[in-house]
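Observations on the model geometry
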Amino acid sequence: MKLLRTSLIILLSVVTLAACRGNVGNSTPAYSVIYKGNDNSSGSVPVDTTNYLQGQTVIVHGNTGNLARNGYFFSSWNTMSDGSGASYLPTQTFTMGTANVTLYARWTANPAYTVTYNGNGNTGGNVPVDATNYEQGQAVTVLGNTGNLVKSGYTFSGWNTQSNGSGTTYSQAQTFTMGSANVTLYAKWTANPTYTVIYNGNGNTGGSIPTDSTNYEQGQTVAVLGNAGNLVKTGYSFAGWNTQANGSGTTFTQGQTFTIGAANVILYARWIVPVPD
């Protein structure tokens, strides 16, 4: 009896050992999912602690650690660091294969916008050039008239978002926030004030006064006209033009010049009594 009991114990031990060895040899491998920031500049990657069996469904994590990268926005996860693999959005699923899976953050460059300066009819000079690519929300510092833009008859008075000046006007060093579109800034031109020279017969009894149709800007040179209309006044001789009707101002003769100021000018016929022979 004792011998039979001992033999039974040995047999059970052998069976148990064989069973254990069979389980070790038939154990099912498990795989993991690893998340990579892929050059992120801040934040942290999510961690998946699950060990997945082949054929098991994997639910992709979101950007729970607020990964960020300067100049880019997070758009998904990808099985390749260069984005050429399979892309997955948060909560999408895939079936685990026979290897560990690495999911790389997929970064998309933020859209960038430009600021272009337009001379808007300039007759000389060059527009400034802003080579910066601005992201939405970035501050733009407006350039000055560095290329000395000019337009005949006008004065440069800043930049405007509309060519007709009806938009927003900016002067040098002002700032604005970039939106979601390229910006064109047009030179804003203000017409220079102009002045006229009017001739007055000053009591003439015949003939006609000359007409100067030129609009003069301040500082421009005026050439005085002659008595082209043969003005006459009974009992007097024409003796040029004067800035005062009574002749007490400055006298000009045909072909003389003067510089226009900041007001219209009236030139009165100057009449003198002829000296008897």
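All values derive from a computational prediction rather than experimental measurement.

1. Structural notes on the pairing of strand S8 (residues 101-109)
- Sheet analysis places strand S2 (residues 33-36) next to S8, joined by four bridges and oriented parallel. Residue pairing across strands places Ile34 opposite Thr102, the latter belonging to S8.
- Across six bridges, the pairing between strand S5 (residues 72-78) and S8 is antiparallel. Bridging across to S8, Asn78 finds its partner in Tyr104.

2. Topic: the packing of aromatic side chains
- Counting across every chain of the model gives twelve aromatic pairs.
- Taking the centre distance of 5.0 Å and the plane angle of 70 degrees together, the rings of Phe74 and Trp77 count as edge-to-face.
- The class of Trp77 is buried, set by a relative accessible area of 0%.
- Summarising the aromatic geometry, the rings of Tyr117 and Trp159 are spaced 4.8 Å apart at their centres and angled 75 degrees between planes, so their arrangement reads as edge-to-face. Of this pair, Tyr117 sits in strand S10 (residues 115-118) while Trp159 sits in strand S13 (residues 154-160), and the two are 42 residues apart along the sequence. Accessibility classification places Tyr117 together with Trp159 in one group, the buried group.
- Within the aromatic cluster, the residues linked to one another by ring pairs are Tyr35, Phe74, Trp77 and Trp107.
- Cation over ring: Arg69 sits above Tyr72, and NZ or CZ is 4.0 Å from the ring centre.
- Sitting over the face of the ring of Tyr154, Lys151 holds its NZ or CZ atom 4.5 Å from the ring centroid.

3. Thoughts on unusual backbone geometry
- Located in the positive-phi region is Asp39, a residue other than glycine, with phi close to 75 degrees.
- Residue placement: Asp39 occurs in the loop between S2 and strand S3 (52-53).

4. Observations concerning the side chain of Asn120
- Mapped onto the secondary structure, Asn120 falls in the loop between S10 and strand S11 (134-135).
- In this structure the side chain of Asn120 is engaged in a polar contact, spanning 2.9 Å, whose partner is the backbone oxygen of Ser163.
- If we ignore the near neighbours within four places in the chain, the residues touching Asn120 are Lys151, Ser163, Tyr186, Ala187 and Trp189.

5. What to know about the sheet that holds strand S14 (residues 169-170)
- Spatially, the four strands line up as an open sheet ordered S10-S16-S13-S14, and their pairing is mixed. The open sheet has two free edges, formed respectively by S10 and S14, since each of these has just one partner strand.
- Judged from the two bridges that link them, S13 and S14 form a sheet pairing that is antiparallel. Bridge assignment links Trp159 to a residue of S14, and that residue is Tyr170.

Rules used throughout
- Residues numbered from 1 in each chain as written.
- Predicted model: local features only at pLDDT ≥ 70, side-chain atom pairs only at ≥ 80, totals over all residues.
- Heavy atoms only, no water.
- Pairing = 2+ DSSP bridges.
- Helix = DSSP H or I, 4+ residues; strand = E, 2+ residues; numbered from the N terminus.
- Phe/Tyr/Trp six-rings, centres within 6.5 Å; stacked < 30°, edge-to-face > 60°.
- Buried < 20%, exposed > 50% of the residue type's maximum accessible area, 1.4 Å probe, protein only.
- Lys NZ or Arg CZ within 6 Å of the ring centre and 35° of its normal.
- Polar contact = N/O pair within 3.5 Å; in protein donor to acceptor, adjacent residues only side chain to side chain.
- Contact = heavy atoms within 4.5 Å.

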